[in-house]
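# Observations on the model geometry
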Amino acid sequence: EDKVVQSPLSLVVHEGDTVTLNCSYEVTNFRSLLWYKQEKKAPTFLFMLTSSGIEKKSGRLSSILDKKELFSILNITATQTGDSAVYLCAGPFSSGTYKYIFGTGTRLKVLA
Amino acid sequence: DAMVIQNPRYQVTQFGKPVTLSCSQTLNHNVMYWYQQKSSQAPKLLFHYYDKDFNNEADTPDNFQSRRPNTSFCFLDIRSPGLGDAAMYLCATSRAPGGAGAETQYFGPGTRLLVL
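All of the points below concern the structure found in this document.

Right, let's get into the overall build of chain B. Scanning chain B from terminus to terminus reveals zero helices and 11 strands. Sequence-ordered secondary structure for chain B, helices as α and strands as β, is β-β-β-β-β-β-β-β-β-β-β. Expressed as lengths along the three principal axes of its C-alpha atoms, the size of chain B is roughly 45 × 30 × 30 Å. Sorting the 116 residues of chain B into buried and exposed places 48% on the buried side.

In structure tokens:
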């Protein structure tokens with residue numbers, strides 16, 4: 001059965017810290033992996049990763065995919081309180097249809 | 001601005017009373033999705049439309065139905081809501097497969113359903 005597992009489930013850090021969030025997956029037909037940030041509303045898109053070893057960056061956030069080891073990491077440097085959210089990893093994993101499977105997320109809390 | 005809109009944002013219904021949630025999009029995307037998200041859980045896909053083709057997840061209860069009368073609108077009907085159906089319902093859209101960025105999903109703000 002296809003699945004996405006995220007770790008840690010929750011994380012508390014102080015402003016300025018760097019965090020690494022993990023996402024591992026077991027899929028029968030990998031297409032791409034997506035990262036979303038969810039505050040108290042709908043998820044907002046961060047990154048889409050399709051190729052191994054190519055880092056995607058957006059400001060203090062970056063992400064990379066390892067297709068051989070079936071995982072991805074999301075890094076946040078110099079964290080701010082506004083980074084507090086649930087970070088979701090997801091992917092379309094299905095042959096021919098757009099079935100997305102989400103991980104349970106990592107709840108990040110950044111303390112001032 | 002192009003976007004995904006969900007109405008209402010909050011819905012209160014009674015146990016067993018049918019309810020309809022709506023989603024509209026101005027992105028002209030081919031694919032529309034409905035997810036159910038309960039507290040502290042990942043969004044769970046209920047079904048999706050690729051144009052008019054309806055794709056139901058195997059574990060989606062029969063109590064949940066959907067309609068897509070045109071490209072812009074998609075509805076989620078819950079025929080007889082139970083207490084366990086209280087959740088956030090998220091609508092999302094994406095482009096047709098094959099194009100650049102086609103797999104990115106754009107979410108609406110969600111409708112929070114409360115069942116009394």
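After presenting the structure, the write-up continues.
Residue and element names in this part refer to chain B. Looking at the element boundaries, R112 is found in strand β11 (residues 111-115). Taking the C-alpha atoms as reference points, R112 and T71, separated by 41 residues in sequence, lie 24 Å from one another. If sequence neighbours within four positions are ignored, R112 has contacts with R9, Y10, Q11, A87 and M88.

Another aspect to go through is the sheet that holds strand β7 (residues 61-66) of chain A. All names here are of chain A. Strand order across the open sheet formed by five strands is β1-β3-β8-β7-β6, with antiparallel pairing between neighbours. Edge positions in the open sheet fall to β1 (3-7) and β6 (56-58), since each of these has one partner strand only. When strand polarity is set aside, the average angle formed by the axes of neighbouring strands in this sheet is 15 degrees. As defined by bridge partners, β7 adjoins strand β8 (residues 71-76) across six bridges and the pair is classed as antiparallel. Counted as the bridge partner of I64 is I73 from β8.

Glancing now at the interface of chain A and chain B. A common way to report how large an interface is uses the accessible area buried once the components associate. The interface is formed by 19 residues belonging to chain A together with 22 residues belonging to chain B. For the pair chain A and chain B, the summed buried area comes to about 1700 Å², and 57% of that belongs to carbon and sulfur atoms. Area buried by chain A at its contact with chain B is led by Y98, Y100 and F102 of chain A, which between them contribute 38% of it. Here chain A and chain B share zero salt bridges between them. Seen at the junction of chain A and chain B, the total is two residue pairs in polar contact (both at pLDDT 80 or more). Breaking the side of chain A that touches chain B down by element, the ones donating at least two residues are β4 (33-38), β5 (44-49), β9 (85-92) and β10 (100-102) of chain A.

How each quantity is defined
- Residues numbered from 1 in each chain as written.
- Chains lettered and ligands numbered in written order.
- Predicted model: local features only at pLDDT ≥ 70, side-chain atom pairs only at ≥ 80, totals over all residues.
- Heavy atoms only, no water.
- Helix = DSSP H or I, 4+ residues; strand = E, 2+ residues; numbered from the N terminus.
- Buried < 20%, exposed > 50% of the residue type's maximum accessible area, 1.4 Å probe, protein only.
- Contact = heavy atoms within 4.5 Å.
- Pairing = 2+ DSSP bridges.
- Axes fitted to C-alpha atoms, helices over the stretch in contact; angles between N-to-C directions.
- Buried area = accessible area lost by both parts, 1.4 Å probe.
- Salt bridge = Lys/Arg side-chain N within 4 Å of Asp/Glu carboxyl O.
- Polar contact = N/O pair within 3.5 Å; in protein donor to acceptor, adjacent residues only side chain to side chain.

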